[in-house]
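# Topology and contacts: notes
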Amino acid sequence: MWRARSAFTALVLAIALLLAFALPASADVAVPELTGRVVDQTGTLSSSDIASLSQKLRDFESRKGSQIAVLIVPTTQPETIEQFSIRVAEAWKIGRKKIDDGAILVVAKNDRHLRIEVGYGLEGALTDVTSRRIIDEDITPKFRSGDFAAGIDAGVDRMMRVIDGEPLPSPSRSANFAHNLDDLVPVFAVALFASIGVGGFFRAILGRLLGSLVTGGIIAAVTWFILGSAALAAAVGVLGFIIGFVADLFSAITPGTGRSRGGPWSSGSSGGGWSSGSSSSSDSGGFSGGGGSFGGGGASGNW
């Protein structure tokens, strides 16, 4: 009995040690951080591919309101791609809150599996059948020939065409700019130029205070027309007024100078340093999910 008990104990310990080494190796793949509309952890897409696709998805969101993201990972093992994709969807929250108009194209390259995960609000358009057809007809034929960039591009194009046919609430331009802060840089650059350069004309005619007020009002009106956000327009208008008033005051109290000093200020503000910051094609740091919900709709495939 003692020998049998000892043998049983040794067997239990061996099994426990085996599980201890095996379980960490089978841990679920971590959900990648949402750093942009296109997240490629495999190096499959070139930087130009990512930039072009990101810009296309950004333009689509600006026009339609819906968000589409692309994720490429080496593997989802030990999970199925369906289990992994829904975890990604729940973490990223692609799509607008309460509209749930998000979709994610997930590619597990080494597993040769892919999936289109569809938010609740798009399940009437991107049905399971339609999603499967997009995979079979547009994506996997190009994947089989090794052209992953073309396959993803074709799949995204067809997803956008399908979503375009779905009646959805119009996008909020102010919310969209909140997601893309880089787009605000040109607005502030123009406000700076107008408040100092163009505003000098009004201040010369109307006086420092009234001229600055008129300049700030014009800047606010133009900002509202472009962005459609009254709050943001008011903020930029006030900024334009302050900059113009302070710059003009500084010019007036600087010894040996006149209003002609507005020239160097103007040229400095219109330099390339401002616009270069907004010309980046990367979404990094400027994109986030809008709070959309997913329920497992979509389709999977392989190649």
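In this report, the structure presented in the accompanying data block is examined.

### Some thoughts on the packing of aromatic side chains
For the structure shown, the criterion picks out three aromatic pairs. Between Phe143 and Phe148, the aromatic rings sit 4.8 Å apart at their centres with planes inclined by 45 degrees, giving tilted as the arrangement. Summarising the burial analysis for this pair, Phe143 and Phe148 share the class buried. Arranged with centres 5.9 Å apart and planes meeting at 75 degrees, the rings of Phe148 and Trp303 form a pair that is edge-to-face. A residue pair is termed long-range when its members are at least 10 positions apart, and Phe148 in helix H5 (residues 148–164) and Trp303 in the segment after strand E5 (294–302) qualify at 155 residues. Neither Phe148 nor Trp303 differs from the other in exposure class; each is buried. An aromatic cluster is built from Phe143, Phe148 and Trp303, whose rings are joined through pairwise contacts. The aromatic ring of Phe148 is capped on one face by Lys109, whose charged end is 4.9 Å from the ring centroid.

### Topic: the pattern of salt bridges
Pairing of side chains with opposite charge becomes possible as their charged atoms draw close. Scanning the entire structure with this criterion turns up eleven salt bridges. Note that Asp138 and Arg158 form a salt bridge whose closest N and O atoms lie 2.5 Å from each other. Within this pair, whereas Asp138 is found in helix H4 (residues 128–144), its partner Arg158 is found in helix H5, the two being separated by 20 residues in sequence. Of the residues examined, Asp138 reaches a relative accessible area of 13% and is grouped as buried. Residue classification places Arg158 among the buried residues on the basis of a relative accessible area of 16%.

### Looking at the environment of Val238
As for its position among the elements, Val238 is in helix H9 (residues 230–253). When its relative accessible area of 47% is taken as the criterion, Val238 is described as partly exposed. Remark: the alpha-carbon pair of Val238 and Ser212, spanning 26 residues in sequence, is separated by 9.6 Å.

### Brief notes about a nonpolar patch on the surface
A contiguous nonpolar patch, built from Ile205, Leu206, Leu209, Leu210 and Leu213 and spanning about 470 Å² of accessible area, is present on the exposed surface. Of all the secondary-structure elements, those providing two or more residues to the nonpolar patch are helix H7 (185–206) and helix H8 (208–227). By residue number, the principal contributor to the nonpolar patch is H8, which donates three residues. For Leu209, the location among the structural elements is in helix H8.

### Brief notes about the environment of Glu90
Position of Glu90 relative to the elements: it lies in helix H3 (residues 81–92). Judged by its relative accessible area of 49%, Glu90 is partly exposed.

### Observations regarding the nonpolar core
The biggest cluster of nonpolar side chains holds 29 residues, and the ones touching the most others in it are Leu57, Val70, Leu105, Leu114, Phe143, Ile152 and Val156. Within the second largest apolar cluster, 18 residues are counted, among which are Ala69, Val106, Phe287 and Phe294.

### Considerations on the packing of helix H2 (residues 47–64) against H5
Remark: H2 packs on H5, axes separated minimally by 11 Å, with the N-to-C direction vectors making an angle of 5 degrees. Considered as vectors, H2 and H5 are oriented roughly parallel to each other. Where H2 abuts H5, its residues Asp49, Leu53, Lys56, Leu57, Phe60, Arg63 and Lys64 lie against Ala149, Ile152, Asp153, Val156, Asp157, Met160, Ile163 and Asp164. Looking at the contact of H2 with H5 residue by residue, the class counts come to eight nonpolar, no polar and seven charged.

What counts and how
- Residues numbered from 1 in each chain as written.
- Predicted model: local features only at pLDDT ≥ 70, side-chain atom pairs only at ≥ 80, totals over all residues.
- Heavy atoms only, no water.
- Phe/Tyr/Trp six-rings, centres within 6.5 Å; stacked < 30°, edge-to-face > 60°.
- Buried < 20%, exposed > 50% of the residue type's maximum accessible area, 1.4 Å probe, protein only.
- Helix = DSSP H or I, 4+ residues; strand = E, 2+ residues; numbered from the N terminus.
- Lys NZ or Arg CZ within 6 Å of the ring centre and 35° of its normal.
- Salt bridge = Lys/Arg side-chain N within 4 Å of Asp/Glu carboxyl O.
- Patch = residues over 30% accessible without salt bridge, like charges linked within 9 Å, V, L, I, M, F, W, Y side chains within 5 Å.
- Areas by Shrake-Rupley, 256 points an atom, 1.4 Å probe, with all protein chains shown as cover.
- Core = buried A, V, L, I, M, F, W, Y, C linked by side-chain atoms within 4.5 Å.
- Axes fitted to C-alpha atoms, helices over the stretch in contact; angles between N-to-C directions.
- Parallel < 35°, antiparallel > 145°, perpendicular 65-115°, else oblique.
- Contact = heavy atoms within 4.5 Å.
- Nonpolar A, V, L, I, M, F, W, Y, C, P; charged D, E, K, R; others polar.

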